[in-house]
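# Fold and geometry: a report
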Amino acid sequence: MPSLTTQTASADQTAVVAANQYLVFRLGGLDYALDFTKVQELRPLKALERFSSEGEIVAGVAVSRGVIMPIVDMRIAFGPRPPEHDPLTDVIILKLSSCVMGMVVDGVTDIVPLTLGQIKPIPGASAVEYLVGIGEADGRRLIVVDIDKLMSIQKVQVGARQAA
């Protein structure tokens, strides 16, 4: 019969295997997390070529591994404040189910393991499909997002809203 120590070690290994890795990034003073398997690479913001007008969410294009991709400035999408570029501003290049694209965030902080048990539903946010829940890691609360669903949201045109 295995000892209690062996059983505990086995349970700990199972918990580690069940944990997924999440990339943690800051946006508007909040910590967010996304599935690390969706991340292709990280880049500093200064490497972008801007093509859109002031205030647009699409902040530019970049070439990564021979692929030209749009870059979405999440700082504009998640708040009305004008973005301030600083050395901590990062671009996360994402491998989504439909495309490769980048998103500008205030900064990437780290990678954390989270199990399903560490992610709790957000009360009152069940209608927001891209919010997975609130994760607890190292005493921090992380807003866990489904990045595929978040990046598939389409902006509704004002005229289309009025016609409906």
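Quick notes on the rules
Residues numbered from 1 in each chain as written. Predicted model: local features only at pLDDT ≥ 70, side-chain atom pairs only at ≥ 80, totals over all residues. Heavy atoms only, no water. Helix = DSSP H or I, 4+ residues; strand = E, 2+ residues; numbered from the N terminus. Buried < 20%, exposed > 50% of the residue type's maximum accessible area, 1.4 Å probe, protein only. Contact = heavy atoms within 4.5 Å. Areas by Shrake-Rupley, 256 points an atom, 1.4 Å probe, with all protein chains shown as cover. Core = buried A, V, L, I, M, F, W, Y, C linked by side-chain atoms within 4.5 Å. Salt bridge = Lys/Arg side-chain N within 4 Å of Asp/Glu carboxyl O. Phe/Tyr/Trp six-rings, centres within 6.5 Å; stacked < 30°, edge-to-face > 60°. Pairing = 2+ DSSP bridges.

## Some words on the overall build of the protein
What the protein contains, in helices and strands, is four helices and 11 strands. Per-residue burial for the protein yields a buried fraction of 35% across its 164 residues. In the protein, the proportion of contacts linking residues at least 24 apart, taken out of those at least 6 apart, comes to 52%. About 10200 Å² of surface is accessible on the protein, with carbon and sulfur atoms providing 58% of the total.

## Some thoughts on the nonpolar core
Among the nonpolar cores identified, the biggest contains 21 residues, and Phe-25, Leu-34, Ile-92, Leu-94, Met-103, Ile-147 and Met-151 are the most heavily contacted of them. Those elements that place two or more of their residues in this core are β1 (20–27), β2 (30–35), β6 (90–95), β7 (100–105), β11 (140–145) and α3 (147–151). Setting aside anything within four residues of it in sequence, one finds Ile-147 in contact with Leu-34, Lys-38, Leu-94, Leu-96 and Met-103. Val-24, Ala-33, Val-112 and Leu-114 belong to the second-largest nonpolar core, a separate cluster that totals nine residues.

## Structural notes on the pattern of salt bridges
Counted under the stated rule, the structure contains six salt bridges. The closest approach of N and O atoms between Asp-73 and Arg-75, which form a salt bridge, is 2.8 Å. On the accessibility criterion, Asp-73 (3% relative accessible area) is buried.

## Description of the packing of aromatic side chains
Summed over the entire model, instances satisfying the criterion amount to one aromatic pair. When the ring of Phe-25 is compared with that of Tyr-32, the centres are 5.6 Å apart and the planes differ by 15°; the resulting orientation is stacked. Each member of the pair, Phe-25 together with Tyr-32, is buried.

## With respect to the pairing of β1
Both β1 and strand β8 (residues 107–114) contribute to a ladder of seven bridges, which runs antiparallel. Bridge assignment links Asn-20 to a residue of β8, and that residue is Leu-114. Both β1 and β2 contribute to a ladder of six bridges, which runs antiparallel. The partner of Tyr-22 across the bridge, within β2, is Asp-35. Hairpin remark: β1 followed by β2, antiparallel, with two residues in the connecting loop; positive phi at Gly-28, about 60°.

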